[in-house]
There are 2 protein chains.
Amino acid sequence: MSIFKKIFKKSRSQEDGIFFDAIQKILGFSPNELNHYHKAFTHRSSGKLDTAGNAISYERLEFLGDAMLSSVIAAHLFNEAPYGDEGYLTKMRSKIVSREHLNELGKDLDLIRFVESKVPVQHFGENIHGNIFESLIGAIYLDKGYPFCEKFIQQRVIIPYVDISRLEGKVISYKSLIIEWCQKEKKQFHYDIFEDNAIDGQRLFGVKLSIDEKVIAKARATSKKKAEEKASQRAYFAFQEKMNKK
Amino acid sequence: MSIFKKIFKKSRSQEDGIFFDAIQKILGFSPNELNHYHKAFTHRSSGKLDTAGNAISYERLEFLGDAMLSSVIAAHLFNEAPYGDEGYLTKMRSKIVSREHLNELGKDLDLIRFVESKVPVQHFGENIHGNIFESLIGAIYLDKGYPFCEKFIQQRVIIPYVDISRLEGKVISYKSLIIEWCQKEKKQFHYDIFEDNAIDGQRLFGVKLSIDEKVIAKARATSKKKAEEKASQRAYFAFQEKMNKK
């Protein structure tokens, strides 16, 4: 098996090999046809055309990925919340697939590093992160079919982020959850706050949350409070995943 | 195989046997777990509860079916219209899954005959037809998984109804298409128009379209012109399917 893998890898260009490895790491399984993933990260400004002369842009795959994400999340909520009616399910899904949330998912995987574009990536708005997260899902569907798409969404969206209690608004502050948890577990915690302005000069605050002197989560936002909450949320999900694994 | 089927069927109540046969005919394959299909046709007024005490209503399955329909249609359009951008794909999909179209699909399968409700079905609005068409798709997903769901949508929505040229608005009048086709194929056609009022007294017109003295399509609408167009559209799709089969 590993010999075949080596031969397979050798036949690719070095650049594709790096891309293959990076995508494989993100997916948690091997891609078949790298071309789909290249398309998932091609901005229309690149001016690339397919063999039939159609412009290549991640936006078509984003449309496809959005649909797959919606149906996988719908099925998950349907099964997990048997008490919820149609209105509840619809509301919960829109919270999960909110623009803000998708942007966060795309950022966490640092997908923007793959974008091929003639426009500098800094010129894109915030939504580029979520859009290419969706186009990646579209590429997985084309490359590997629905079950893999479902598996990816399970691993990357549902397990680490979907907490129905939180979505129902039962969790108000992540900071208080973290403090409570640390007190219960007898752990030391510390929020290190510093100014960390954006390149364009916008005033931002950075926060490093340490638990037992280990940095657990970092975040940056327009206010100290927001940055603390964001870091706490990240820490909460990091721990929640660990707790689920037990 | 057929012996097993007989034993299987005998163990059901007669009523379930009839329901099983009807569902099988609609699906084009055997259902596994009839319970999902019963839920797909249960109106909340029936007051039924599941084993955990949650109210049973087709609306939850409608949410699920809507999501599956959207993703299957998205994938179909993605593949069939490689020239279309995200905006085009979104627009085409909303035409296919329009309320009006879904109602028509539900009506054509006469799904309303299965609805369990304490409210008389006549009291439901027009949308009940489309809603239970979607809940049926949800039930198929739960019962047989995504590939069967896809197969059903292919057979019942895409093949008979999805004509990209028509959706792009290139087809203006179905009546003129039928006339043109009959002239080309040297066939006799006749539109038989009659008054066919609704139970509540609303004035409606019925149309029977015959080709070579055989009734091909029927329709009813609020004006003669609309009824002719509707019957022509139905005849067009009936023929289109035949033509595709050649």
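Bear in mind that the values here come from a model prediction, so they are computed numbers and not experimental data.

**A look at the sheet that holds strand S3 (residues 214–221) of chain B**
All names here are of chain B. What the three strands build is an open sheet, ordered S1-S2-S3; its pairing is antiparallel. A single partner strand is all that each edge strand has here, and the edge strands are strand S1 (189–195) and S3. In this sheet, adjacent strand axes meet at a mean angle of 20° when their direction is disregarded.

**Observations regarding the UniProt feature "binding site: Mg(2+)" (unreviewed entry) in chain A**
Taking the numbering used here, the UniProt-annotated feature "binding site: Mg(2+)" (unreviewed entry) corresponds to Glu 62, Asn 131 and Glu 134 of chain A. With the annotated positions falling across 73 residues, the maximum pairwise C-alpha distance of 6.0 Å places them together in a single cluster. Position of Glu 62 of chain A among the secondary structure elements: in helix H4 (residues 58–80). Ignoring anything within four residues of it in the chain, the contact list for Glu 62 of chain A reads Asn 131, Glu 134 and Ser 135 of chain A together with Glu 86 of chain B.

**Overview of the UniProt feature "domain: RNase III" (unreviewed entry) in chain A**
According to UniProt, the feature "domain: RNase III" (unreviewed entry) maps to residues 20–145 of chain A in the numbering used here. The span residues 20–145 of chain A shows a helical share of 60% and a strand share of 0%, and its end C-alpha atoms are spaced 18 Å apart.

**Here's the deal with helix H10 (residues 174–185) of chain A**
All names here are of chain A. In this model H10 runs 16 Å from its N-terminal to its C-terminal C-alpha over 12 residues, within 8% of the 16 Å that 1.5 Å per residue would give. Every buried residue of H10 is listed here: Tyr 174, Ile 178, Trp 181 and Cys 182. Relative to the axis of H10, the buried residues are bounded by an arc of 100° and lie together on one face. Residues of H10 that are exposed and point more than 90 degrees away from the buried face comprise Glu 180, Gln 183 and Lys 184.

**So, the relation of the copies chain B and chain A**
With an RMSD of 0.1 Å, chain B superimposes on chain A once it is rotated by 180° and translated 0.1 Å along the axis. In symmetry terms, the pair is related by a two-fold rotation axis. Within chain B, Ser 71 of chain B has its C-alpha nearest the rotation axis, a separation of 3.3 Å. A symmetric contact is evident, with 100% of the interface residues of chain B recurring at the interface of chain A.

**What about the packing of helix H6 (residues 99–108) of chain A against helix H8 (residues 146–161) of chain A?**
All names here are of chain A. Contact geometry of H6 with H8 gives a least axis separation of 12 Å together with a crossing angle of 115°. The chirality of how H6 crosses H8 is right-handed. For the pair H6 and H8, the contacting residues are His 101, Glu 104, Leu 105 and Asp 108 in the first and Arg 156, Val 157 and Tyr 161 in the second. Here the contact of H6 with H8 is built from residues that sort into three nonpolar, one polar and three charged.

**So, the domain arrangement of chain A**
Residue and element names in this part refer to chain A. Splitting chain A by domain gives domain 1 (2–165) and domain 2 (174–245). Listed by partner, the interface residues are six residues for domain 1 and five residues for domain 2. Both sides together, the interface formed by domain 1 and domain 2 hides about 570 Å², and carbon and sulfur atoms give 44% of it. Of all residues in domain 1, Ile 159, Pro 160 and Asp 163 give up the largest surface area on contact with domain 2, accounting jointly for 57% of the area buried on that side. In this assembly, domain 1 and domain 2 are joined by zero salt bridges. Summed over the shared surface of domain 1 and domain 2, the result is zero residue pairs in polar contact (both at pLDDT 80 or more). Those elements giving two or more residues to the side of domain 1 that touches domain 2 turn out to be H6 and H8. Ranked by the residues each element gives to the side of domain 1 that touches domain 2, the list is headed by H8, at three residues.

Reading the values: rules and limits
Residues numbered from 1 in each chain as written. Chains lettered and ligands numbered in written order. Predicted model: local features only at pLDDT ≥ 70, side-chain atom pairs only at ≥ 80, totals over all residues. Heavy atoms only, no water. Pairing = 2+ DSSP bridges. Helix = DSSP H or I, 4+ residues; strand = E, 2+ residues; numbered from the N terminus. Axes fitted to C-alpha atoms, helices over the stretch in contact; angles between N-to-C directions. UniProt positions renumbered as here; feature names shortened; annotations may be inferred. Contact = heavy atoms within 4.5 Å. Expected span 1.5 Å × (residues − 1). Buried < 20%, exposed > 50% of the residue type's maximum accessible area, 1.4 Å probe, protein only. Arc of directions from axis to C-beta. Least-squares fit on C-alpha atoms with pLDDT ≥ 70 in both. Left-handed = near helix turned anticlockwise from the far one by under 90°. Nonpolar A, V, L, I, M, F, W, Y, C, P; charged D, E, K, R; others polar. Domains from an automatic or database assignment. Buried area = accessible area lost by both parts, 1.4 Å probe. Salt bridge = Lys/Arg side-chain N within 4 Å of Asp/Glu carboxyl O. Polar contact = N/O pair within 3.5 Å; in protein donor to acceptor, adjacent residues only side chain to side chain.

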